[in-house]
Amino acid sequence: KYKADKNRIYFTGISGGGRIAWISAYKYPEYYACIVPAMGSLTIGEEPDYERLKNVPIWIAQAEDDKIASPLLNDEAYDALKKIGGNMKYTRYKKGGHGIAPKFFKSENWDEWMFSQSLENR
């Protein structure tokens, strides 16, 4: 009815929403043109099979001093996916804690990058 472009489904989220973006893309990598998780990490209760996300473009936003969502899990995911050829971007701020979302969404060209992604381009 609304003629949505199924090749351009994006998922961005902040904190718990960022975690849900990771989990949703992990479970259904074939649906997402890309994800942009801010201050949320991939936690699934077991060691992730990063091959599942290899073809999903991902731009992570995180602060080094975040006490609520540890950047270590995002560091691990970024390193693992880069190692296997994943399409990754990572904006990692020194300071900002669990409140870097406004800074990230106002200062980075995440939306331009996101809208340039498509399942057809993989």
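Residues numbered from 1 in each chain as written. Predicted model: local features only at pLDDT ≥ 70, side-chain atom pairs only at ≥ 80, totals over all residues. Heavy atoms only, no water.

A. Looking closely at the overall build of the chain. The secondary structure content of the chain amounts to four helices and four strands. Its helices and strands in sequence order give the chain the pattern β-α-β-β-α-β-α-α, from N to C terminus. The C-alpha atoms of the chain give 14 Å as radius of gyration, which agrees with the globular expectation for 122 residues (14 Å, within 12%). If one aligns the C-alpha atoms of the chain with their principal axes, the spans along those axes are about 40 × 35 × 25 Å. At a minimum sequence separation of 6, the contacts of the chain that also span at least 24 residues come to 64%. Carbon and sulfur atoms make up 51% of the accessible area of the chain, which amounts to about 7000 Å² in all. For the chain, the centre of its 18 positive side-chain charges and the centre of its 16 negative side-chain charges are spaced 4 Å apart. (Helix = DSSP H or I, 4+ residues; strand = E, 2+ residues; numbered from the N terminus. Rg over C-alpha atoms; globule rule 2.2 N^0.38 Å. Contact = heavy atoms within 4.5 Å. Areas by Shrake-Rupley, 256 points an atom, 1.4 Å probe, with all protein chains shown as cover. Lys, Arg positive; Asp, Glu negative; His and termini not counted. Charge placed at Lys NZ, Arg CZ, Asp CG, Glu CD.)

B. View of the side chain of D66. Take D66: it is sitting in the loop between β3 (58–63) and α2 (71–83). Although D66 lies buried, it forms no salt bridge, and the closest oppositely charged side chain, K67, sits 8.3 Å away as judged by the N-O distance. Polar side-chain contacts of D66 include one of 2.9 Å to the backbone nitrogen of A69. Sequence-distant contacts of D66, that is, excluding residues within four places in its chain, are made with M39, P71, G97 and H98. (Buried < 20%, exposed > 50% of the residue type's maximum accessible area, 1.4 Å probe, protein only. Salt bridge = Lys/Arg side-chain N within 4 Å of Asp/Glu carboxyl O. Polar contact = N/O pair within 3.5 Å; in protein donor to acceptor, adjacent residues only side chain to side chain.)

C. Region of interest: the environment of M39. As for its position among the elements, M39 is in the loop between β2 (34–38) and β3. Classification of M39 as buried rests on a relative accessible area of 3%. Here the alpha-carbon distance between M39 and I100, two residues 61 residues apart in the chain, equals 7.8 Å. Non-local contacts of M39, meaning those with residues more than four positions away in its chain, are made with I14, S15, A61, Q62, D66, A69, G97, H98, G99, I100 and A101.

D. Representation of the nonpolar core. W22, I35, L42, L53, I58 and L81 are the most contacted members of the largest nonpolar core, which has 18 residues in total. For this core, the elements supplying multiple residues, two or more each, are α1 (16–27), β3, α2 and β4 (88–93). Among the elements that make up this core, the one with the highest residue count is α1 (five residues). If near-sequence neighbours (up to four positions away) are discounted, L42 is found in contact with W22, I23, Y26, P48, Y50 and L53. Listed in part, the 14 residues of the second largest apolar core include A63, I100, A101 and F104. (Core = buried A, V, L, I, M, F, W, Y, C linked by side-chain atoms within 4.5 Å.)

These values are about where atoms sit, not about what they do.
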